[in-house]
Amino acid sequence: MSKKQSDYIITRNQNSYEVVIGLEVHAQVLSDSKLFSSSPTKFGAEPNTQVSLVDAAFPGMLPVINEFCIKQAVKTGVGLNAKINKRSIFDRKNYFYADLPQGYQISQYKDPIVGEGSVVLDLVAGEKTIGIERLHLEQDAGKSIHDIDPQNTLVDLNRSGVALMEIVSKPDLRSPDEVNAYIKKLRSIMRYLGTCDGNMQEGSLRADVNVSVRKKGEKKFGTRCEIKNVNSIKFMQMAIEYEANRQVDVIEEGGSIDQETRLFDTKKNETRSMRSKEDAHDYRYFPDPDLLPLEISDDFINNIKKSIPELPDEKKKRFIEKFNLSAYEANILISDIETSKYFEEVIKSSDVKLSTNWITGELFALLNDKNLEISKSPISAKNLSKLINLIKDGTISGKIAKSVFEIMATGDKNPIDIVKEKGLKQQSDPKELEKLIDKVINGNPDKVKEYKSGKEKLFGFFVGQAMKASGGKANPQLINDILKNKLK
Amino acid sequence: MSNIIDLTLVDLVENIKKKNLSSKEITKAYVERAEKSKKLNTYITEDFNNALKKADNFDNNPDFDKKLPGIPIAVKDLFCTQNLRTTAGSKILENFIPTYESTVTDNIWNEGAILLGKLNCDEFAMGSSNETSFFGNVQSPVAENLVPGGSSGGSASALAAKLTPTTIGTDTGGSIRQPASFTGIVGLKPTYGSCSRYGIVAFASSLDQAGPMTHDVKDCALMFSIISSYDNKDSTSINFKREDYLKKLNKSIKGKKIGIPKEYRVEGMPKEIEDLWQKGINIAKESGAEIIDVSLPNTNYALPTYYIVAPAEASSNLARYDGVKYGFRSKGKNLIDMYEKTRSEGFGNEVKRRIMIGTYVLSSGYYDAYYLKAQKVRRLIKNDFDEVYKKVDAILTPSTPSSAFKIGEKTNNPVSMYLNDIFTVPINLAGLPAISIPAGHDQKGYPLGLQIIGKTFDEQNILNIAYSLEEEINFKNKINDWWI
């Protein structure tokens, strides 16, 4: 990792503490069927309608690996610049819970499918590389529902057996902001690859957060606490803030940190002890005898490598080099694959600079306002491109374009039609404009006098009057030129 | 013609094909005999009425191209059978009715066979005497109050007593071969990966194999041809070319190199077992086989290794019986309490013992010392066989270190019970095929078996050797219908 120092420091009684964070991200593999059965994985189906005999662990049922999920894991590994392990092993992680039908989760313990890799973050202070420890495949559990029936817990097994990738980072993160950047980058890479939809509301992406603190300059890590199953970036950041400060307080009061698992209470904004190290489960991991070691060939890996699309980092580089965008602009445009697709569609036939401004300005404001993803944008890339071309060729002014944009937002209309229907075409005939300006000058003799005697500020007044007289359609550049001439 | 029940499977098939017998006649004969044989307690679930109906259906619309046309067969209650209760000999599955069929039984029905019912076995196949079954112990047809062996004790007893013309069992550490030896029948444990485990209630996944139990080697070859198939529903199923084992069956033993492992000459082995073994060696030699002394140096470690690996896998495999989804559930104050009561009441003592052993050997701090070491020893045991098979074609040993014992004789001494499997367990650990054939009687008139161990997927070879020895040995089971 880079040596860049973080400025996220907690200070108490003249002592400065650094926060060390590692994440275990659970990303649901984008796949139509489960990791070891052919049941569908669609989110939001009626409870227990996507459950096979294997998922419900009926006697004599056996897991059969879903090759597509393996491809997805390898693909993600490639996207994380990670080592792909040609031999990996599925283990059983044994524990009892009502929503774990087998009584064990099939996971990968000592021999994961993907080894060490890295992710580059774009931070305000510059780039920072975060190490990836490993990525492994595992089954998700079902869902226990405690709040429907007053007496009983209900169990929904739709999620039981769905494939997850657990992506474990090295303890390289140093602040809530870095965690934010890391999760967003991971999400972005997986969405580019199509291996995880990254939908945090639907639980497709969640994380266990390991937090420890140490005095600044100290080399040794402090004792860490693991905050389980946090399902939004905001909550992760809040949990880290709380937990880091709690740990600092404990140390400052002369205490020591107990290694434990904690839960984040989103309502009270605090972490609470869930179980201590002594109470930690003994999962009795051992290789699943129902599954042979997973062996993948060089061909398998190479075919996947060939199918990898341009990833965020490469795209950013290309945008900067080819389109002359600033790093800041490039970052905004590449962070989400749909945004980058939209951008590239618009610039196919439009000016890059204008397109960048319109997308990151007006379009983002509109989407934000309507709380929409860019893939659901009310204005298509094609029509936005047309609008930009109307500005570029002088058919309409930027100001008129904004009102055309507003009309487009109500139903993705073709801006050319709007301009035609509403007669918004820019007035660029110098003779017409001259007539118009003469009227303004003749109508305001005292203002002309004042201007000529040195009150140059009044120039804007004349421009405004001329524009007003044109109904806002006059070409502002021409108005400027003609006025300057006439008022000489 | 002799009595229907005295015919071998191959003869029954021939008689049905020649229309000398109808499926109904045959099925009725076995049902009637089973009705008179309740004392043996071989059946957990009878399906006689359905069987008779299916026999009628077969006779009305026969298909003589099938390999088991209209043949009634009872199977071990470890195979899941669609719409017919499957208990694995346990209270925890006392009322469990699968909606699906195991691949192995499916293969049998697809060849025209008819299900008679489900046969008693040790609970979750854990036992060597059929005394751990929730549904009570099974009597051996050989003598009253004698165990039939286990865990496929109900299968062995039903076959030896002629309540079914053939049956299938499962063998994790000897559960087909030991009861076969105790009751004077033939039992084959196929190569691991030969028969699908799909739909078989799991005991120890890396060791479990289904296999045929039959009156003679010909029947065994026929049954094995039917049940062995590649199955993509079982990730450990192996896709190799399967033979028509019956068609290729011959008595070619001449020139075969047969290994005699010195480590199987265990201390305290009864003289009659020693004599039986020698008899087998002599017959093989006289038939033209070359006898070669070999060594399997890690044999001693097989039993302790087995009793780490098998319980470890079982402790995890049986975690699914938790009262949540199916099977027996006891009321509890909360989830944990419900688990504890369900499993305490639902499992018998032997199953609990193995779950505890298995949980222990997988626990953190013990895993390396037990489970991991056992896996390494397992590899050494496999290597022993690989080494020996460079020199020989098959290995000949006794099937068990003693003949059948009395009911209750060993129930209080699990280790002496486990020692029963000393000759069979190494074969499961190595994943090899082995067949037990009846070869003689002890002084009390109880049957004794010889075991022929083969190379991986070399079932044809050991069937051929067994076929040859069988003819020379000319074993006659002494069953006097004491229970009727």
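Residues numbered from 1 in each chain as written. Chains lettered and ligands numbered in written order. Predicted model: local features only at pLDDT ≥ 70, side-chain atom pairs only at ≥ 80, totals over all residues.

**A closer look at the packing of helix H8 (residues 352-370) of chain A against helix H9 (residues 381-392) of chain A**
All names here are of chain A. H9 packs onto H8 with a crossing angle of 120° between their chain directions and a minimal axis gap of 10 Å. Taken together, the axis directions place H8 and H9 in an arrangement best described as oblique. H8 and H9 meet at a crossing whose hand is right-handed. Across the interface between the two elements, Leu 354, Ser 355, Trp 358 and Leu 363 from H8 touch Leu 384, Ile 388, Ile 391 and Lys 392 from H9. A class-by-class count of the residues in the contact of H8 with H9 yields 6 nonpolar, 1 polar and 1 charged. (Axes fitted to C-alpha atoms, helices over the stretch in contact; angles between N-to-C directions. Helix = DSSP H or I, 4+ residues; strand = E, 2+ residues; numbered from the N terminus. Parallel < 35°, antiparallel > 145°, perpendicular 65-115°, else oblique. Left-handed = near helix turned anticlockwise from the far one by under 90°. Contact = placed C-beta atoms within 7 Å. Nonpolar A, V, L, I, M, F, W, Y, C, P; charged D, E, K, R; others polar.)

**Examining the pairing of strand E7 (residues 126-139) of chain A**
Residue and element names in this part refer to chain A. Here 7 bridges tie strand E6 (residues 117-123) to E7, and the two strands are oriented antiparallel to one another. Counterpart to Leu 123 in the pairing with E7 is Gly 126. Counting the residues that bridge the hairpin from E6 to E7 gives 2 residues. As defined by bridge partners, E7 adjoins strand E10 (residues 163-169) across 7 bridges and the pair is classed as antiparallel. Across the sheet, Ile 132 pairs through a bridge with Ser 169, a residue of E10. (Pairing = 2+ DSSP bridges.)

**Description of the sheet that holds strand E11 (residues 447-453) of chain B**
All names here are of chain B. Spatial strand order, E4-E6-E5-E10-E11-E9-E7-E8: 8 strands in an open sheet with mixed pairing. The sheet terminates laterally at strand E4 (167-171) and strand E8 (290-294), the two strands that pair on one side only. Averaged over all adjacent pairs, the angle separating strand axes in this sheet is 30°, with direction ignored. Strands in contact with helix H7 (residues 217-227) are E4, strand E5 (186-189), strand E6 (209-214) and strand E10 (434-441); relative to E6, the strand with the most contacts, it is inclined by about 150°.

**A look at the interface of chain B and chain A**
Counting residues at the interface gives 33 residues for chain B, matched by 26 residues for chain A. For the side of chain B that touches chain A, the elements supplying multiple residues, two or more each, are helix H9 (302-317), helix H10 (335-346) and helix H11 (349-362) of chain B. Of the residues forming the side of chain B that touches chain A, the biggest block, 3 residues, is contributed by H9(B). Across the side of chain B that touches chain A, the residue classes tally to 15 nonpolar, 11 polar and 7 charged.

**Looking at the domain arrangement of chain A**
All names here are of chain A. For chain A, the domain assignment lists domain 1 (9-305), domain 2 (311-422) and domain 3 (430-486). The C-alpha centroid of domain 3 is placed 33 Å from the C-alpha centroid of domain 2. With 4 residues of domain 2 at the contact, the number on the domain 3 side is 4 residues. (Domains from an automatic or database assignment.)

**Some thoughts on the sheet that holds strand E1 (residues 43-46) of chain B**
Residue and element names in this part refer to chain B. Ordered in space as E1-E3-E2, the 3 strands form an open sheet in which the pairing is mixed. Pairing within the sheet leaves two strands with one partner each, and these edge strands are E1 and strand E2 (72-76). Recorded for the sheet is a direction-independent mean angle of 35° between the axes of neighbouring strands. With 5 bridges connecting them, E2 and strand E3 (residues 114-119) associate as parallel partners. Bridge pairing in E3 links Lys 76 to Leu 119.

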